[in-house]
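Residue-level structural notes
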Amino acid sequence: MSKKNIQSENASRNIPIITEEDVNEALPTYKPDALVACHKLRKYFPIHGGLLGRKIADVKAVDEITFQIRQGETHALVGESGSGKTTAAKTLIRLYDATSGDIFLRNFKTQAMDNITHARGANLRALRSEMQIVFQDPSGSLNPRIPVGDIIEEPLVVHGVKSRKERLERVVNIMEIVGLRAEYLKRYSHEFSGGQRQRIGIARALVLNPKFIVCDEAVSALDVSIQSQIINLLQDLQGKFNLTYLFIAHDLAVVRHMSDTIGVMYLGRLVESAPNDVLFNKPSHPYTQALLNAVPVPDPTIDRNKAIIMGDIPSPINPPSGCRFRTRCPKVMDICKEVSPPTKEIEPDHFIACHLF
Amino acid sequence: MALLEVKNLHTYFHTMDGLTKSVEGVSFSVDKGVTLGLVGESGCGKSVTSLSIMQLLACPPGEIHQGEILFQGDDLLKKTPDQMRRIRGNDISMIFQEPMTSLNPVFTVGNQIMEVLMIHKGMTEHEAKEKTISLFQDVGIPDPARRVDNYPHQMSGGMRQRVMIAMGLACDPKLLIADEPTTALDVTIQAQVLQLMRDIKKKTNTSIILITHNLAVVAEMADFIAVMYYGRLVEYAEVRDLYGNPKHPYTHGLLNSIPRVDKPKTAEALPAIPGVVPNPYNAPSGCKFHPRCKYAQRKCVDEEPPYVLLPGSDSHYCRCWFPVQD
């Protein structure tokens with residue numbers, strides 16, 4: 001499985017292509033080596049209530065987020081629970097339909113960025129083989145009644161690999177790559193440890209040679225000594241297959257180690273995004289600063305008197321007016337209540353949505 | 001005299017699949033006003049150790065096979081269930097990981113704390129309610145007079161954990177056992193709860209046993225740290241000593257393998273510890289860590305090392321034939 005192989009195989013996609021010009025207009029700053037991008041992406045979940053079950057409100061899980069990920073890089077989404085990280089990722093890979101906004105994915109045949117927001121039917125199925133997801137809870141996402149060999153094989157069946165022999169070859173091959181022995185083929189998921197189950201989840205995601213993988217808290221449920229093994233495996237695979245990751249995690253230490261660029265989410269909005277070293281060395285948004293301040297450090301000699309932000313994340317059904325962080329922000333101003341801050345690029349690749357900038 | 005002294009504790013479980021020796025030969029002590037961090041991976045026996053102290057294990061299948069648990073000099077294992085009930089929640093109390101499952105959903109949170117006060121302190125309902133409101137104030141719950149009438153589902157995760165802490169503190173316990181108190185919380189809320197626990201300790205001088213798998217959380221909270229592996233203590237030291245000078249290859253490996261938020265990204269792979277924790281029904285010979293240890297030698301396979309004080313130290317214990325040299 002070489003890089004070239006992956007690209008040629010996935011290039012069979014047949015989707016209405018929008019021209020380079022359209023893309024440039026829709027997404028002014030998109031990069032020539034971007035693989036995935038989204039533009040003003042929104043995902044609202046309706047809440048039904050009352051006697052007639054009419055829609056009474058929306059949960060604004062993801063509200064106008066724009067970002068792009070370069071090929072072969074890892075973009076991390078961080079934020080507290082309920083900030084919309086997972087919804088953003090699932091919308092991006094078309095597991096949810098976007099409420100509005102656009103999603104783009106590079107087509108290696110034409111080199112153009114295809115707008116995949118409304119892909120349907122066979123086109124959507126073809127896309128699925130290019131975008132895969134690894135879930136947090138390895139035991140919850142593996143069927144306990146099916147041997148792991150069949151679990152890993154299933155995507156190949158769905159995507160029309162006809163020859164049984166070829167399917168088996170590919171399953172065994174991918175199992176070896178993620179560090180599972182081929183004799184485990186017939187075992188069931190409960191016979192494995194947490195770390196091995198996560199390897200199965202990774203093998204299942206990789207078997208179709210995708211180029212984009214969402215890791216949704218993929219290492220969060222693992223024990224400390226196993227977590228570092230899986231982090232190493234993910235990085236290893238990225239180098240080997242030129243994979244692009246969207247890495248969702250709440251552990252900022254893992255994010256710092258794994259990612260090239262980072263987006264910080266708060267209540268469905270992207271409040272800051274920047275390259276790794278910029279974000280960690282020079283966090284600019286008050287929320288990013290608060291988040292970094294709150295991370296415990298495994299070093300007893302450092303100063304423990306840190307500024308801690310108070311309060312909880314508000315409900316996404318009825319978010320605060322203006323800037324959504326204003327209720328907890330230590331630097332809140334009058335304007336924050338009135339106007340939602342626009343996103344500005346304060347230096348190359350460093351975006352921030354805050355009235356202070 | 002130490003407030004709590006655990007001596008050579010063995011806790012076993014008789015399960016359908018055989019005997020599991022969850023805790024084997026654990027000894028440690030906690031002095032007044034001290035926070036002990038008990039760390040280890042899932043299944044290492046840290047929670048079973050704390051449940052043994054509280055005697056909250058289901059017996060059978062659990063069994064405290066051997067050992068002594070001295071609390072203020074009295075062996076808790078010799079107490080009757082009735083005597084134990086008077087100690088639990090009063091002298092020793094516990095905070096659990098998941099506040100949603102450890103609070104009763106059909107009673108208000110105020111009610112559940114008042115119950116503790118009325119049983120242990122003999123307060124009237126009115127006194128108990130007053131005390132509960134002041135406890136809520138202490139743990140930083142806004143609008144406490146109204147919040148006492150809330151049901152658990154009406155509160156956020158961080159607020160529920162504050163309720164659990166208020167309940168744990170209701171009777172001014174001498175020892176507070178906190179089992180993964182912040183694991184289910186977001187990082188900003190975790191920071192708030194940890195700050196609260198530090199403030200409370202400063203104010204009341206309560207001893208705390210903090211059980212966690214998070215090496216960063218204990219570094220911020222604990223005075224001493226005990227590391228467990230496969231039912232055994234493998235290392236015990238003063239916190240700065242443990243992080244600055246880890247002696248057991250397991251501790252050393254763990255500290256090296258975790259990604260650090262305060263260190264820039266490097267291209268190198270994390271120095272991960274290979275392998276997995278051995279199966280509880282099929283213990284390896286000798287040192288239980290030897291199959292994963294890069295320093296393992298013949299002696300480690302043949303003989304289990306004793307848990308001993310390291311030469312030249314007065315508080316650094318280690319269970320290893322060949323402690324890591326720096």
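The model shown is predicted, which means the values in this text are computed figures rather than measured ones.

**A look at the domain arrangement of chain A**
Residue and element names in this part refer to chain A.
- As assigned here, chain A comprises domain 1 (3–48 + 55–130 + 208–353) and domain 2 (144–207).
- Computed over C-alpha atoms only, the centres of domain 1 and domain 2 are separated by 28 Å.
- Every contact between the two is made by 19 residues of domain 1 and, on the other side, 14 residues of domain 2.
- For the pair domain 1 and domain 2, the number of links is 0 salt bridges.

**Notes on the interface of chain B and chain A**
- Contacts between chain B and chain A engage 43 residues on the former and 38 residues on the latter.
- Here chain B and chain A share an interface that buries about 3,800 Å² over both sides, 58% of which is from carbon and sulfur atoms.
- Considering only the surface of chain B that becomes buried against chain A, Glu220, Val261 and Lys265 of chain B emerge as the three largest contributors, covering 19% of it.
- At the boundary of chain B with chain A, the tally comes to 1 salt bridge.
- Run the count over chain B and chain A and you get 16 residue pairs in polar contact (both at pLDDT 80 or more).
- Counting residues per element, the ones that place at least two in the side of chain B that touches chain A are helix H8 (187–204), helix H9 (215–221), helix H10 (239–244) and helix H11 (249–257) of chain B.
- Ranked by the residues each element gives to the side of chain B that touches chain A, the list is headed by H8 of chain B, at 8 residues.
- Partitioning the side of chain B that touches chain A into residue classes produces 23 nonpolar, 9 polar and 11 charged.

**Concerning the packing of helix H5 (residues 148–158) of chain A against helix H6 (residues 164–177) of chain A**
All names here are of chain A.
- For the pair H5 and H6, the least separation of the axes is 9 Å and the interaxial angle reads 120°. One element, H5, and the other, H6, form an angle in the oblique class. Crossing handedness for the pair H5 and H6: right-handed. Side by side, H5 and H6 meet where Val148, Gly149, Ile152, Glu153, Leu156 and Val157 of the first sit next to Arg167, Arg170, Val171, Ile174 and Met175 of the second.
- Looking at the contact of H5 with H6 residue by residue, the classes come out as 7 nonpolar, 1 polar and 3 charged.

**Comments concerning the sheet that holds strand S8 (residues 244–248) of chain A**
All names here are of chain A.
- As summarised here, the arrangement of the 8 strands in space is S6-S7-S8-S3-S9-S10-S12-S11, forming an open sheet in which the pairing is mixed. Two strands lie at the open edges of the sheet, namely strand S6 (131–134) and strand S11 (343–347), each paired on one side alone. Averaged over neighbouring strand pairs, the angle between their axes works out to 20° when direction is ignored.
- In this sheet, strand S10 (residues 269–275) lies alongside strand S9 (residues 261–266) in antiparallel orientation, the contact comprising 6 bridges. Directly across from Gly263, in S10, lies its bridge partner Ser273.
- Where helix H3 (residues 85–92) meets the sheet, its contacts fall on strand S3 (74–78), S6, strand S7 (212–216), S8 and S9, and the angle it forms with S8 comes to roughly 150°.

**Section: H8 of chain B**
Residues and elements named next belong to chain B.
- With 18 residues, H8 should cover 26 Å at 1.5 Å per step; its first-to-last C-alpha distance of 26 Å lies within 8% of that length.
- When you tally the buried positions in H8, you get 13 out of 18 residues, the bulk of the element.
- Residue Asn205 follows H8 closely and has a positive phi angle near 60°.

**Concerning the state of the cysteines**
- All chains considered together, the criterion is met by 0 disulfides over all chains.
- The structure places no disulfide on Cys323 of chain A, whose sulfur is separated from the nearest cysteine sulfur, that of Cys336 of chain A, by 5.8 Å.
- We classify Cys323 of chain A as buried; its relative accessible area is 11%.
- Here Cys59 of chain B stays free of any disulfide, with the sulfur of Cys44 of chain B as its closest cysteine sulfur at 19 Å.
- The exposure class assigned to Cys59 of chain B is exposed, which follows from its relative accessible area of 53%.

**A word on a nonpolar patch on the surface**
Residues and elements named next belong to chain A.
- Taken together, the side chains of Met333, Ile335, Val339, Ile346, Leu356 and Phe357 present a nonpolar region at the surface, about 440 Å² in accessible area.
- Residue position: Leu356 is located in the segment after strand S12 (350–353).
- Owing to a relative accessible area of 39%, Leu356 belongs among the partly exposed residues under this scheme.

**Some thoughts on the confidence of the model for chain B**
- Put simply, chain B has an average pLDDT of 91, and 100% of its residues get 70 or more.
- The least confident element of chain B, judged by mean pLDDT, is helix H3 (residues 99–102) of chain B at 78; the most confident is strand S9 (residues 224–229) of chain B at 96.

**Some details on the pairing of strand S8 (residues 207–212) of chain B**
Residues and elements named next belong to chain B.
- Counted residue by residue, S8 has 6 buried out of 6 residues, so it is predominantly covered.
- Covered by surrounding structure in S8 are Ser207, Ile209 and Ile211 together with Ile208, Leu210 and Thr212, the residues of both alternating faces.
- In terms of strand pairing, strand S3 (residues 35–39) meets S8 through 5 bridges, oriented parallel. Residue pairing for S8: Thr35 is matched across the bridge by Ile208.
- Bridge count for strand S7 (residues 175–179) against S8 is 5 bridges, and the pairing is parallel. Bridge pairing links Ile177 to Ile209 in S8.

What counts, and at which threshold
Residues numbered from 1 in each chain as written. Chains lettered and ligands numbered in written order. Predicted model: local features only at pLDDT ≥ 70, side-chain atom pairs only at ≥ 80, totals over all residues. Heavy atoms only, no water. Domains from an automatic or database assignment. Contact = heavy atoms within 4.5 Å. Salt bridge = Lys/Arg side-chain N within 4 Å of Asp/Glu carboxyl O. Buried area = accessible area lost by both parts, 1.4 Å probe. Polar contact = N/O pair within 3.5 Å; in protein donor to acceptor, adjacent residues only side chain to side chain. Helix = DSSP H or I, 4+ residues; strand = E, 2+ residues; numbered from the N terminus. Nonpolar A, V, L, I, M, F, W, Y, C, P; charged D, E, K, R; others polar. Axes fitted to C-alpha atoms, helices over the stretch in contact; angles between N-to-C directions. Parallel < 35°, antiparallel > 145°, perpendicular 65-115°, else oblique. Left-handed = near helix turned anticlockwise from the far one by under 90°. Pairing = 2+ DSSP bridges. Expected span 1.5 Å × (residues − 1). Buried < 20%, exposed > 50% of the residue type's maximum accessible area, 1.4 Å probe, protein only. Disulfide = S-S within 2.5 Å. Patch = residues over 30% accessible without salt bridge, like charges linked within 9 Å, V, L, I, M, F, W, Y side chains within 5 Å. Areas by Shrake-Rupley, 256 points an atom, 1.4 Å probe, with all protein chains shown as cover. pLDDT = per-residue confidence, 0-100.

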